[in-house]
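Structural overview for review
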Amino acid sequence: MDDAAQAVASSPAARRSLGWAMATAWAGFWLLMMVAEMRNHPQGGWEAAWRALVLEGSSALLATAVLLVQWHQARRLDRWLDQPARWFGTMLAITLPLSLLFVPLVHLLRVALYAAAGQAYPHEPLAEVVLPETARFAVFYLLFCGVQFGVRSYFAWNGARLQAERERALAREAQLLLLAQQLQPHFLFNALNTISALIHADPDRADALLTRLATLLRAATDLVQRPQQPLHEELRLLHAYAEIMGERFADRVSIAWQVDAAALACPVPTLSLQPLLENCFRHVVERRREPTRIVVQAGVEAGRLRVTVRDDGGTLAPSAAPGVGLGNVMQRLQALHGKAAWLRLEPLAGGGVAAVMELPCAC
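Residues numbered from 1 in each chain as written. Predicted model: local features only at pLDDT ≥ 70, side-chain atom pairs only at ≥ 80, totals over all residues. Heavy atoms only, no water.

**Some details on the sheet that holds strand β5 (residues 304–311)**
Put simply, the test is: Only strands that DSSP links by at least two bridges are regarded as paired with each other. For helices the rule is a DSSP run of H or I covering at least 4 residues; for strands it is a run of E covering at least 2, with both sets numbered from the N terminus onward. To obtain each axis, a line is fitted to C-alpha atoms, and for helices this fit is confined to the stretch in contact; angles are then taken between N-to-C directions over 0 to 180 degrees. Here, residues are in contact when the closest pair of their heavy atoms is within 4.5 Å.
If you trace the five strands from one edge of the open sheet to the other, you get β2-β4-β5-β7-β6, paired in mixed fashion. The open sheet has two edge strands, β2 (253–259) and β6 (342–347), and neither has a second partner. Along the sheet, successive strands turn relative to each other by an average axial angle of 15°, direction set aside. In this sheet, strand β7 (residues 353–360) lies alongside β5 in antiparallel orientation, the contact comprising seven bridges. Directly across from Val307, in β7, lies its bridge partner Met357. Taken strand by strand, helix α8 (residues 231–248) contacts β2, β4 (292–301) and β5, and its axis lies near 170° from that of β2. Helix α9 (residues 274–283) contacts β2, β4, β5, β6 and β7 of the sheet and is inclined by roughly 10° relative to β5.

**Quick word on unusual backbone geometry**
Within the chain, Leu271 stands out as a residue other than glycine whose phi angle is a positive 55°. Note on placement: Leu271 falls in the loop between β3 (267–269) and α9.

**Observations concerning the packing of aromatic side chains**
Rules: Centres within 6.5 Å are what make two rings of Phe, Tyr or Trp a pair, Trp counting through its six-membered ring; a difference in plane orientation under 30 degrees is then read as stacked, over 60 as edge-to-face, and the rest as tilted. Throughout this description, buried means an accessible area under 20% of the type-specific maximum (1.4 Å probe, protein chains only), exposed means over 50%, and partly exposed covers the range between.
According to the stated counting rule, one finds six aromatic pairs in the structure shown. Taken together, a centroid distance of 6.0 Å and an interplanar angle of 40° make the contact between Tyr154 and Trp157 tilted. Linking Tyr154 with Trp157, this pair stays in helix α5 (residues 126–182), spanning three residues, or about one helical turn. When its relative accessible area of 30% is taken as the criterion, Tyr154 is described as partly exposed. The exposure class assigned to Trp157 is partly exposed, which follows from its relative accessible area of 47%.

**Thoughts on the environment of Met91**
Note on placement: Met91 falls in helix α4 (residues 84–116). The residues contacting Met91, other than those within four sequence positions of it, are Gln70, Ala74, Leu77, Tyr141, Cys145 and Gln148.

**Some points on the packing of α8 against α9**
For clarity, the threshold we go by: Throughout this description, any angle smaller than 35 degrees is read as roughly parallel, any larger than 145 degrees as roughly antiparallel, any in the 65 to 115 degree range as roughly perpendicular, and the remainder as oblique. The crossing is said to be left-handed when, going from far helix to near helix, the turn is anticlockwise and less than a right angle, and right-handed when the turn is clockwise. Gly is put with the polar residues, along with every residue not named as nonpolar or charged; the nonpolar set is Ala, Val, Leu, Ile, Met, Phe, Trp, Tyr, Cys and Pro, and the charged set is Asp, Glu, Lys and Arg.
For the pair α8 and α9, the least separation of the axes is 10 Å and the interaxial angle reads 20°. Of the possible angle classes, the one that applies to α8 and α9 is roughly parallel. Here the hand of the crossing between α8 and α9 comes out right-handed. Residues Glu234, Leu238, Tyr241, Ala242, Met245 and Gly246 of α8 form the contact with α9, whose participating residues are Gln274, Leu277, Glu278 and Phe281. Among the residues making up the contact of α8 with α9, the classes are represented as six nonpolar, two polar and two charged.

**Focus on the nonpolar core**
Note the following rule: In these notes, a set of buried Ala, Val, Leu, Ile, Met, Phe, Trp, Tyr and Cys residues joined through side-chain atoms within 4.5 Å is what counts as a nonpolar core.
Core analysis: the largest hydrophobic core is formed by 44 residues, its most contacted members being Leu231, Leu273, Leu277, Phe281, Ile294, Leu305 and Met357. Taken together, the elements giving at least two residues each to this core come down to α6 (185–201), α7 (203–221), α8, α9, β4, β5, α10 (324–337) and β7. No other element matches the nine residues that α8 contributes to this core. Setting aside residues up to four positions removed in sequence, Phe281 forms contacts with Tyr241, Met245, Gly246, Phe249, Val253, Ile255, Glu286 and Ile294. Grouped together as the second largest cluster of nonpolar side chains are 19 residues, Trp30, Met33, Leu67 and Met91 included.

Structure follows, in structure tokens:
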């Protein structure tokens, strides 16, 4: 199935179509059951039709109600779709009590329908029909569970596949974006210029900065193969970027790192923090002469990672929109975590701007 077909298969319209198809098949099944019941009474006529309608119609009505409730409640089990034994084990655990309840209820419904028609419901002793009726309902119920497991597994797999494709597409876009926009030619020029100025005065320092630059370029190139990495790896890249920029603005910037050790293993999108720090240099450090203090903070609370990069000299217009780099990070966060992750810019009361990123941490 190609990408377009996959997208259609997971769209609301496709889900509605599938729902109608399943409802039609379910109705057709019970219609066939009524026809089969009528054939069991060759005398035909109104009496056979009435009996078939009551017997199979009552079963269909209650079975449909039970399965609709079960379909809705089964959403809680979607987290176990990758564990079929656990999923079916849970379904089996509730099959027996449902089966035992189904038979008395359907019997009472049939008695009520016959009574409403002014007739007595002809049936075998209840003790003789409980076991076969219970077994029949259990078989039908488990067959439905099998169909439901297949349908839910398909949509879960398809959703994960489409999300992975979106993530790869955003990673490819981010790779180009980071090379063409974030690691812009002027940054490369200034970085190389800084390194060149140190070659004769401090060869060891120049060599170290050149290694940092190579690390950044390698990470941007490998972004497609590694869209996420632990925070400690991301901070290593951020230190490389900060070291290069700090050398260029040595007398105009200081950077403080306040990172909780518990946050270091949390996964974050690769090169997602570099645009946050670059914002500080481009919009604050480069535009002012007085020293700028930048603070990088990271911590975990209630299973969520919060990363903040703030400066003490930036300003934020009321209608300011995120730039290309931050917008790309927002898209990647949404592709990975949906509404559970976000990135925003906040003005600070004492002056300055904070870029705050928050996302789930399952480490």
